Amino acid sequence: MADLVVPQLGESISEAVVSKWLKNVGDAVTVDEPIAELETDKITVQLPSPVAGALSEQRFAVGATVKVGDVIGAVEAGKQGKSAAPPAKAVPPPRELVQAQPAPPPVAAAPVVATAPPAPPPVVAPKTNGKSEAINRDALLKLTPSQRLTARETGTLPAPGVAVQSGPSAEDRLGQLDPRDEVIAMSPLRKRVAERLVQAQHESAHLTTFNEVDMTAIMALRAKYKDSFEKSHGVKLGFMSFFVKASVAAAKLFPGINAEVIGGNIVYKKHYDFGIAVSAPKGLVVPVLRDCDQRSFADVEKGIGELADKSRNGKLALSDLQGGTFSITNGGIYGSMMSTPLLNYPQTGILGMHNIVKRAVVIDDAIQIRPMMYVALSYDHRVVDGREAVSALVAMKERLESPDRMLVDA
């Protein structure tokens, strides 16, 4: 009997969801034949059979969350299995309308008098000059805004084990919805993405600075060389290569945006492997373009095109998603004018691009119509000071408005 074990799924990934069983119990399998699909917050991976035989057990149903090292099934080696029937289909998320159900009439019962145990006294936080400056930050994050205010004013925190007063449960709220509302279960992928976004906000000092870029020079350069560039390199000259090269230059000048915090240490990355946000069928993914500092404009465009094709066709490997040092996201392709991109934790910097709009701007004391783009740099304030973040974004702006600087590395 050979166990089907959830393998290591990549850095910072400790669990997955069983998205599909490709074989039914009793089906014949060959060595390395995929048996199940596991969905992480990044990609879907297939779990192969370690031996030839027949699938003898499925320990987890579709939709179940499993951890690295869990045994999710077993294959009986050498057993003659039946011909593979169509694999069991994944059960789609419920799409039923949730209607409020009338509460049942109360049942008369003898009154019961219960005496609640006395609540433990509050934990007093250390004070400095009469102020609660030493209140534990992690404990504060678990409180409601009003409780945080009270804790700061009084210097006390709720004692461990004391129930925090909260609103109605999710089940109660669902039961009180208007019958016309539609409720759809959140997909495992979206749940995990939500968890990581919240983690990024809780575990980093997240701030954003904004600027605007005059795209006149880049657009003129593209118009002049787009045909010869495509003919020479077999790929179109897009905007992203300019932003990648400008980000590399800024990261070299201000290394805090290309870093990571590990414990009490700051790790400044001396390689420039940038995550490029791409829309995939199952949601947003951020595959990594390696060695951006060593790539030409054509190599950047080719690399981004290859990653985009992999994303759309479900061909991304875990190695394509690991080890990013900085990220770039382009909300402009969807018409976004301005946004505050969230850090791709544990990275300390992410650049947000937006749509290009012709606007009236003042150039040399004259009003001109120019194609303008708002840009945003989100950064981890634990590593990057505001002055450095603003300067890094200005360095990008300067190079984007004078792209010839990037050609001579100035």
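Not measured: the values here are computed from a predicted model.

What is the right way to read the overall build of the protein chain from this model?
Assigned secondary structure in the protein chain consists of nine helices and 21 strands. Looking at the 410 residues of the protein chain, the share that counts as buried comes to 35%. Put simply, 65% of the contacts in the protein chain that link residues at least 6 apart link residues at least 24 apart. As displayed, the protein chain has an accessible area near 23,400 Å², and 55% of this comes from carbon and sulfur atoms.

Quick question: what am I supposed to make of the sheet that holds strand β2 (residues 15–21) here?
Two pairing modes exist for strands in a sheet, parallel and antiparallel, and in both the strands are linked by backbone hydrogen bonds. Here four strands make up an open sheet; going across it, the order is β5-β4-β2-β7 and the pairing antiparallel. In this open sheet, the two strands that pair with only one neighbour each are β5 (44–48) and β7 (65–67). Sheet twist, expressed as the mean angle between neighbouring strand axes with direction ignored, is 45°. As paired elements, β2 and strand β4 (residues 34–39) share four bridges and run antiparallel to each other. Residue pairing in the sheet places Val17 in a bridge with Glu39 of β4.

I keep staring at the sheet that holds strand β1 (residues 2–5) and nothing clicks. Help me out?
Taken together, four strands build an open sheet; the order of strands is β1-β8-β6-β3 and the sheet is antiparallel. Strands with a single pairing partner mark the edges of an open sheet, and in this sheet they are β1 and β3 (28–29).

What is the right way to read the side chain of Asp320 from this model?
Turning to its location among the elements, Asp320 is positioned in the loop between α7 (297–312) and β18 (326–330). Judged by relative accessible area, which is 12%, Asp320 ranks as buried. Within the local environment of Asp320, its side chain forms a polar contact with the side chain of Lys310, the two groups lying 3.4 Å apart. Filtering out sequence-adjacent residues up to four positions away, Asp320 remains in contact with Pro287, Val288, Arg290, Leu307, Lys310 and Lys315.

Would you explain the nonpolar core in this entry?
If you look at soluble globular proteins, the nonpolar side chains tend to sit buried side by side. Among the nonpolar cores identified, the biggest contains 44 residues, and Val244, Ile257, Phe274, Ile328 and Met396 are the most heavily contacted of them. The leading source of residues in this core is helix α6 (residues 240–253), at eight residues. Among all residues touching Val244, those that are not within four sequence positions of it are Phe274, Ile276, Cys292, Val300, Ile304 and Ile328. Counting 25 residues, the second largest nonpolar core, distinct from the first, contains Val6, Val18, Val29 and Leu316.

Help me understand the packing of aromatic side chains in this model?
Aromatic ring pairs are defined here through the distance separating the ring centres and the angle between the ring planes. Enumeration according to the criterion identifies two aromatic pairs in this entry. On the basis of an interplanar angle of 65° and a centroid distance of 5.0 Å, the ring pair of Phe242 and Phe297 is categorised as edge-to-face. Separated by 55 residues along the polypeptide, Phe242 in helix α6 and Phe297 in helix α7 bring together distant segments of the chain. Judged by its relative accessible area of 14%, Phe297 is buried. Ring plane angle 55° and centroid distance 5.2 Å describe the contact between Phe274 and Phe326, whose orientation is recorded as tilted. Here Phe326 lies in strand β18 and Phe274 lies in strand β14 (residues 274–276), a separation of 52 residues in the sequence. Here Arg222 stacks its cationic end above the ring of Phe239, 4.2 Å away from the centre of that ring. Positioned above the aromatic ring of Tyr272 is the side chain of Lys252, whose terminal nitrogen or guanidinium carbon lies 5.7 Å from the ring centre.

Could you clarify how one ought to interpret a nonpolar patch on the surface in this entry?
On the surface, Phe210, Met337 and Met338 cluster together into a nonpolar patch covering about 290 Å² of accessible area. Summarising the element assignment, Phe210 is placed in strand β11 (residues 206–214).

Mind showing me how you'd approach the packing of α6 against helix α8 (residues 386–401) here?
Two numbers describe a pair of packed helices, the interaxial angle and the distance between the axes. Taken N-terminus to C-terminus, the directions of α6 and α8 make an angle of 140°; their axes are 8 Å apart at the nearest point. Taken as axis vectors, α6 and α8 run oblique relative to one another. Read as a crossing pair, α6 and α8 show a hand that is right-handed. Listed contacts from α8 to Phe242, Phe243, Ala246, Ser247, Ala249, Ala250 and Leu253 of α6 are Ala392, Ala395, Met396, Arg399 and Leu400. Classifying every residue of the contact of α6 with α8 by side-chain character gives ten nonpolar, one polar and one charged.

How should the pairing of strand β13 (residues 265–268) be read in this particular structure?
Every other side chain in a regular strand lies on the same face of the sheet, so the side chains alternate between the two faces. Sheet topology places strand β12 (residues 259–262) next to β13; four bridges connect them, and they run antiparallel. Bridge pairing in β13 places Val261 opposite Ile266. Linking β12 back to β13 in an antiparallel pair, the connection comprises two residues, with Gly263 at a positive phi of about 65°.

I'm lost on the confidence of the model for the protein chain in this one. Help?
Note: predicted coordinates in regions of low pLDDT should not be interpreted at a detailed level. Model confidence for the protein chain is summarised by a mean pLDDT of 82, while 76% of its residues fall at 70 or above. Confidence over residues 93–117 falls short of pLDDT 50; this stretch has 22 contacts with residues more than four positions distant or in other chains. For the stretch residues 123–134, pLDDT sits under 50, and the model shows 23 contacts to residues farther than four places along the chain or on other chains.

Cut-off values and rules
- Residue numbering note: each chain is counted from 1, following its sequence as written.
- Predicted model: local features are reported for residues with pLDDT of at least 70 only, side-chain atom pairs are reported and counted for 80 or more only, and whole-chain, interface and lining totals are derived from all residues.
- Side-chain descriptors were evaluated using all non-hydrogen atoms of the structure, hydrogens and water having been removed beforehand.
- For the purposes of this entry, the term helix denotes a DSSP run of H or I that reaches at least four residues, the term strand denotes a run of E that reaches at least two, and both are numbered from the N terminus.
- Categorising residues by exposure relies on relative accessible area from a 1.4 Å probe, with only protein chains included: less than 20% of the type maximum marks a residue as buried, more than 50% marks it as exposed, and the intermediate range marks it as partly exposed.
- Contact between two residues is taken to exist if any of their heavy atoms lie within 4.5 Å; hydrogens are not considered.
- Residue exposure ignores everything except the shown protein chains as possible cover, and the areas themselves are Shrake-Rupley values with a 1.4 Å probe.
- In this analysis, strands are considered paired if DSSP registers two or more bridges between them.
- Axis geometry follows a simple rule: fit a line to the C-alpha atoms, using only the stretch in contact for helices, then measure angles between N-to-C directions, giving values from 0 to 180 degrees.
- Contacts described as polar in this section are N or O atom pairs within 3.5 Å, which, within protein, must combine one atom able to donate a hydrogen with one able to accept it, while residues neighboring in sequence count only if both atoms come from side chains.
- Each nonpolar core is a collection of buried residues, namely Ala, Val, Leu, Ile, Met, Phe, Trp, Tyr and Cys, held together in the definition by side-chain atoms within 4.5 Å.
- Whether two aromatic rings pair depends on their centres lying within 6.5 Å, for rings of Phe, Tyr and Trp, where Trp uses its six-membered ring; planes under 30 degrees apart make the pair stacked, over 60 edge-to-face, and the rest tilted.
- Here, a charge over a ring means that NZ of Lys or CZ of Arg falls within 6 Å of the ring centre while also lying within 35 degrees of the ring normal.
- Candidates for patches are residues over 30% relative accessible area with no salt bridge; among them, like charges are joined within 9 Å and nonpolar side chains (Val, Leu, Ile, Met, Phe, Trp, Tyr) within 5 Å.
- Salt bridge, as used here, is a side-chain nitrogen of Lys or Arg placed within 4 Å of a carboxyl oxygen of Asp or Glu.
- Angular relationships are summarised with four words: roughly parallel below 35 degrees, roughly antiparallel beyond 145, roughly perpendicular across 65 to 115, and oblique for the angles in between.
- The crossing is said to be left-handed when, going from far helix to near helix, the turn is anticlockwise and less than a right angle, and right-handed when the turn is clockwise.
- Each residue gets one of three labels, nonpolar for Ala, Val, Leu, Ile, Met, Phe, Trp, Tyr, Cys and Pro, charged for Asp, Glu, Lys and Arg, and polar for the others, Gly among them.
- The predictor reports its confidence for every residue as pLDDT, a score running from 0 up to 100.

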